[in-house]
Every structure is written in C-alpha cells, then in structure tokens.
Amino acid sequence: RRMLGKKTILWTHGITKNMSVLSRYIRLAICYISSGVITYNQKGLEALADLGVKENKLFNSNNTIFVAGLHENKIKIKFSKRHRITYMGRLVENKEVEKLLSAFSVLTKSSDYKNYILTIIGDGERLTFLKSLAKEKDLLNSIDFRGKIIEEEKIQEILSETIFTVSPGFIG
C-alpha cells in the first residue's frame, strides 16, 4: 500500500502482555510502517510510544460511540427513571454477554436492585442461547432484548434511562 501511495491506519489495542513474542514483533512492525495508529486507550498509546513508534502518528480514541446531541444538551437525562443497565454490541461468543447475564442475575437478587432492567441492544449468533439462558435464570421479565438498533433517537432514549453501559468481553 505504501508503494502505491496509499495510507494505512491501524486501529489496535497496542502491544499486550499476553501476546506471543512473534505476535508482538509483527504488530510492532506494522505500527512502524503504518501511516498512523489509533489505540483504544491511552495506556496502549503510551506502550507503543515507549517501543519507538513515532508519537506524531499515534492517536487515542476510546472505544465508544458518539451520540449526537449529548454535548449540546439535546438529550434529557431521565434521572428519576435511571434503572437500566445497557449492553450494545454484537451477540457473539467473544463478547461474553452470558457473563453479564450471570452477574445481573446475582445483582437482581438484592432488594435494592430487583427493579433494574438489563437492556441488550444487538443481534448475532448467540441471541437464541442468551434468551434461553435468561429464561433458565428466570430473568425474562428483567431483560429487554431490543435487537439491532441503528436509529440514533431510539439509542438516545435508551441511554437517557441508562445508569451505565457494560462490555463484559472483548471490545473492538
């Protein structure tokens, strides 16, 4: 790509401790020759800078979504209705959403949290499994499976009632 005059931007977690030596070497080599590197967090950026990747081509972009209107105060947070925990993402194995269902099951056994709702926004190969797990854990009345949502207004409405979002497994 470089020989063709095309830029390549790498978006990565950086170099992690659990990577093999070969994986680290290859990832670092790709970082050196890329036009730019975006990391999911500041720690990843700093690790690459410490390993000699030029700082002028390192950028940090926390793994998040931009919700238009949030910074312009167009979204009204419903503080009295904030009883929702939300997961947004694909329903695939490496996202480990079943861990979230297990944790939510424990949480809602406490009287302080029995009225909380877990909203799952997304679709994927694990949807049927997660619904059966919710049934097995007697959570069908507490979990709101919304499916894939791409309309910003619908996401804004859900987030206005959300206390926090959760990503139990792999992010990215």
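Details of the structure are given in the entry above.
Scope of this entry: the structure provided in the associated data block. (Residues numbered from 1 in each chain as written. Predicted model: local features only at pLDDT ≥ 70, side-chain atom pairs only at ≥ 80, totals over all residues. Heavy atoms only, no water.)

### Topic: the nonpolar core
Burial of nonpolar side chains together is a common tendency in soluble globular proteins. Core analysis: the biggest nonpolar cluster contains 16 residues, and Val97, Leu101, Leu118, Ile120 and Ile143 have the highest contact counts within it. Among the secondary structure elements, those contributing two or more residues to this core are strand S4 (84-88), helix H3 (97-107), strand S5 (117-121), helix H4 (127-136) and strand S6 (143-147). Setting aside residues up to four positions removed in sequence, leucine 101 forms contacts with Leu118, Ile120, Leu130, Leu133, Ala134, Lys137, Leu139 and Ile143. Listed in part, the 10 residues of the second largest apolar core include Leu10, Leu28, Cys31 and Val37. (Core = buried A, V, L, I, M, F, W, Y, C linked by side-chain atoms within 4.5 Å. Buried < 20%, exposed > 50% of the residue type's maximum accessible area, 1.4 Å probe, protein only. Helix = DSSP H or I, 4+ residues; strand = E, 2+ residues; numbered from the N terminus. Contact = heavy atoms within 4.5 Å.)

### Overview of the pattern of salt bridges
A full pass over the atoms with the stated rule returns five salt bridges. Here aspartate 144 and arginine 84 are joined by a salt bridge, their closest N and O atoms 3.6 Å apart. Pair noted here: aspartate 144 is in strand S6 and arginine 84 is in strand S4, with a separation of 60 residues, a long-range link. Residue classification places arginine 84 among the buried residues on the basis of a relative accessible area of 6%. The partner of glutamate 98 in a salt bridge is arginine 126, with the nearest N and O atoms 3.3 Å apart. Of this pair, glutamate 98 sits in helix H3 while arginine 126 sits in the loop between S5 and H4, and the two are 28 residues apart along the sequence. Taken together, the shared-partner salt bridges in this structure form one network comprising Arg84, Asp144, Arg146 and Glu161. (Salt bridge = Lys/Arg side-chain N within 4 Å of Asp/Glu carboxyl O.)

### Some details on the packing of aromatic side chains
Summed over all chains, the structure comprises two aromatic pairs. Seen in terms of ring centroids, tryptophan 11 and tyrosine 40 are 5.8 Å apart; in terms of plane orientation they differ by 40 degrees. Their pairing is tilted. You can see tryptophan 11 sitting in strand S1 (residues 9-12) and its partner tyrosine 40 sitting in the loop between strand S2 (36-39) and helix H2 (42-50), a full 29 residues away along the chain. Both rings, one in tyrosine 113 and one in tyrosine 116, keep their centres 5.2 Å apart while their planes meet at 80 degrees; by these two values the pair is edge-to-face. On the basis of relative accessibility, which here comes to 32%, the residue tyrosine 113 falls in the partly exposed class. (Phe/Tyr/Trp six-rings, centres within 6.5 Å; stacked < 30°, edge-to-face > 60°.)

### Quick word on the pairing of S2
Consecutive side chains of a regular strand alternate in pointing toward one face of the sheet and then the other. Judged by which residues are buried, S2 turns out to be covered on both faces: Gly36 and Ile38 on one side and Val37 and Thr39 on the other are all buried. Tracing the backbone out of S1, into helix H1 (residues 21-33) and back to the parallel element S2 gives a crossover that is right-handed. Two strands pair when backbone bridges link them, and S2 and strand S3 (residues 58-60) are joined in this way by three bridges, in the parallel orientation. Bridge pairing links valine 37 to leucine 58 in S3. In the classification by handedness, the crossover that spans S2, the intervening H2 and the parallel S3 is right-handed. (Right-handed = clockwise from strand over helix to strand, strands pointing away. Pairing = 2+ DSSP bridges.)

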